Amino acid sequence: MADLLSLLADFFSGLMVEVGPLVLIALVALGAFAGFLAGLFGIGGGMLMVPILILIFGHRGLPDDYLLKMAVATSLATILFTSVSSLRAHHARGAVRWDIVWRFVPGILIGSLVGPQIAKLLPARVMASLFAIFVAYSAIQMFLNRKPSPSRQLPGVAGLTVVGIGIGVLSALVGAGGGFASIPFMVWCNVVIHQAVGTSAALGLPIALAGAIGYVIAGQDLVEAPWGAFGYLYLPALIPIAAASVLTARFGAAAAHRLDVVQLKKAFAGLLFLLAAFMVSKAAGA
């Protein structure tokens, strides 16, 4: 026990030295905001976290070749924590369709493990362009508040496995929790919106777990990895973001059941357009 406490003390001492107090405050604030959004909209927060983490990591002097992949990996890992808090809140309100979750999980695990291996092979310019497209598309959907018309029923296990693989790969590439795709798909298949949001929160758990493991595996051969890096996973950023996001995700989930979020979505969409433009600039300069 003494050795463990000593190890933890050394780690947190190194954490303070590595990030500094101002950056630590920024990471906590980012985690708190992202956690609230995760609960409110059923998204993982990657659309917000990745561009801001790129700025923070660049300021800290992390190697340019690792910036985007570490930002995506760290964002994805935080969903492991926000999804648990958000999931509990949605489950308490009976909004999680567990029958759908279990049919989605096999494909999501496969896709989320494969996605980081694809990301490892992609140049930073290509990944930044993909992220910008993803954020811009999500912003348009949020701003217009588009809701797919329920026109069919959910497919069987095989169909949901294929859909899950696609959602897992895309989520791992952009550091998101999958809500950008799973919520519209479930609504299209006649799942009511509150259940779709709650079920999406549950799906964030296997996406984050498998995706984080995938990025740890993909980053095992990094050269000159910074202190605190575990593959592409950057623990000095993950810990403060995760700690703050867990505290605020439940408040977002509670607000989702009380508020008309249409205007909030439009405001958030405006922020996403700015972040998409930032990622376009990163792609052009990569």
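The residue count restarts for each chain, going from 1 along the sequence in the order it is written. Predicted model: local features are reported for residues with pLDDT of at least 70 only, side-chain atom pairs are reported and counted for 80 or more only, and whole-chain, interface and lining totals are derived from all residues. Only hydrogens and water are set aside when side-chain values are computed; all heavy atoms of the structure are taken into account.

S.K.: Which residues make up unusual backbone geometry, and what values do they have?
M.R.: Note on backbone geometry: most residues besides glycine have negative phi, and most peptide bonds are trans. For N190, which is not a glycine, the phi torsion comes out positive at approximately 70 degrees. The numbering of helices and of strands both runs from the N terminus, where a helix is a DSSP run of H or I of at least 4 residues and a strand a run of E of at least 2. Residue position: N190 is located in the loop between helix 7 (179-188) and helix 8 (193-218). Accessible area is worked out with a 1.4 Å probe on protein chains only. A residue is then buried under 20% of its type maximum, exposed over 50%, and partly exposed in between. Looking at N190, the relative accessible area reads 39%, which means it is partly exposed.

S.K.: Just give me the short version of the side chain of K69, but keep the residues and values in it.
M.R.: Mapped onto the secondary structure, K69 falls in helix 3 (residues 64-92). Throughout, a residue-residue contact means that at least one pair of heavy atoms, one from each residue, lies within 4.5 Å. Apart from residues no more than four positions distant in its own chain, K69 is found in contact with A119, K120, L122, M127, Y215 and Y232.

S.K.: Break down the packing of helix 6 (residues 157-174) against helix 7 for me, with residues and values.
M.R.: At a minimum axis distance of 9 Å, the contact between helix 6 and helix 7 shows a crossing angle of 150 degrees. Relative to helix 7, helix 6 is oriented roughly antiparallel. For the pair helix 6 and helix 7, contact is made by L160, V163, I167, L170 and S171 and by F180, A181, S182 and F185, respectively. Note that Gly is not counted as nonpolar here; it falls among the polar residues with everything else outside the nonpolar set of Ala, Val, Leu, Ile, Met, Phe, Trp, Tyr, Cys and Pro and the charged set of Asp, Glu, Lys and Arg. Partitioning the contact of helix 6 with helix 7 into residue classes produces 7 nonpolar, 2 polar and no charged. Orientation is described by axes fitted as lines to C-alpha atoms, over the contacting stretch for helices, and by angles from 0 to 180 degrees between their N-to-C directions. Between 65 and 115 degrees an angle is taken as roughly perpendicular, under 35 as roughly parallel, over 145 as roughly antiparallel, and anywhere else as oblique.

S.K.: Residue-level account of the pattern of salt bridges, with values.
M.R.: Salt-bridge detection follows one rule: a side-chain nitrogen of Lys or Arg within 4 Å of a carboxyl oxygen of Asp or Glu. If you walk through the whole model with that rule in mind, you get 3 salt bridges. For R97, the salt bridge goes to D99, with nearest N and O atoms at 2.8 Å. We classify R97 as partly exposed; its relative accessible area is 25%. The salt bridge partner of D221 is K120, with a shortest N-O separation of 3.4 Å. With D221 in the loop between helix 8 and strand 1 (229-230) and K120 in helix 4 (residues 98-121), this residue pair connects regions lying 101 residues apart in the sequence. When salt bridges with common partners are traced through the structure, they connect R97, D99 and R103 into a single cluster.

S.K.: Any chance you could break down the packing of aromatic side chains for me, citing the residues and the numbers?
M.R.: Only Phe, Tyr and Trp rings are paired, with Trp represented by its six-membered ring, and only when their centres lie within 6.5 Å; those with planes under 30 degrees apart are stacked, over 60 edge-to-face, the remainder tilted. A complete count under the given rule lists 6 aromatic pairs for this structure. With a centroid separation of 6.2 Å and 70 degrees between ring planes, the pair formed by F104 and F185 is classed as edge-to-face. Of this pair, F104 sits in helix 4 while F185 sits in helix 7, placing them 81 residues apart in sequence. Of the residues examined, F104 reaches a relative accessible area of 0% and is grouped as buried. When the centroid spacing of 5.9 Å and the interplanar angle of 65 degrees are considered together, the rings of F131 and F134 count as edge-to-face. Taken together, the residues F131 and F134, both in helix 5 (residues 124-144) and 3 residues apart, mark about one turn of the helix. The same class applies to F131 and to F134, which are both buried. Cluster of aromatic residues (ring-pair linked, three or more members): F104, F185 and W188.

S.K.: Explain helix 4 to me, and be specific about the residues and the numbers.
M.R.: Each residue after the first adds 1.5 Å to the expected span of a helix. An ideal rise of 1.5 Å per residue puts 34 Å on 24 residues; helix 4 measures up with 35 Å between its terminal C-alpha atoms. Here the bend at each residue means the angle between axes fitted to two seven-residue stretches, the one ending at that residue and the one beginning there. Along helix 4, the largest kink reaches about 40 degrees and is centred on V105; proline P106 follows within four residues of it. Three or more residues of helix 4 are buried, namely I100, V101, F104, V105, G107, I108, G111, S112, G115, P116 and A119.

S.K.: Residues and numbers for the packing of helix 4 against helix 6, please.
M.R.: As a packed pair, helix 4 and helix 6 sit with axes 6 Å apart at the nearest point and diverge in direction by 35 degrees. Seen along the crossing, helix 4 lies across helix 6 with a hand that is right-handed. Residues R103, F104, G107, I108, I110, G111, S112, G115, P116, I118 and A119 of helix 4 form the contact with helix 6, whose own contacting residues are V157, L160, T161, V163, G164, I165, I167, G168, V169, A172 and L173. By residue class, the composition of the contact of helix 4 with helix 6 is 14 nonpolar, 7 polar and 1 charged. Here is the rule for handedness: rotate from the far helix to the near one, and if that takes an anticlockwise turn smaller than a right angle the crossing is left-handed, while a clockwise turn gives right-handed.

S.K.: Run through helix 5, naming residues and quoting values.
M.R.: Compared with the 30 Å implied by 1.5 Å per residue over 21 residues, the 30 Å span of helix 5 between its first and last C-alpha is a close match. Where helix 5 is concerned, the buried positions are M127, A128, F131, A132, F134, V135, S138, A139 and M142. Each buried residue of helix 5 sits inside an arc of 165 degrees when the element is viewed along its axis, so together they form one side. Our arc is simply the arc of the directions from the helix axis toward the C-beta atoms.

S.K.: Account for the nonpolar core, with residues named and values stated.
M.R.: Nonpolar core, defined: a set of buried Ala, Val, Leu, Ile, Met, Phe, Trp, Tyr and Cys residues in which side-chain atoms within 4.5 Å join the residues together. Residues L53, F57, L68, F104, F134, Y215 and L272 are the most contacted members of the largest nonpolar core, which totals 75 residues. Top contributing element to this core by residue count: helix 3, with 10 residues. Setting aside residues up to four positions removed in sequence, F57 forms contacts with L62, L67, M70, A71, T74, Y234 and A237.

S.K.: Got a sec to walk through the confidence of the model for the protein chain? Specific residues and values, please.
M.R.: A residue's pLDDT is the confidence the predictor assigns to it, expressed on a 0 to 100 scale. Averaged over the protein chain, the pLDDT score is 80; the fraction of residues at 70 or greater is 83%. Mean pLDDT across the elements of the protein chain ranges from a minimum in helix 1 (residues 2-41), with 68, to a maximum in helix 4, with 93.

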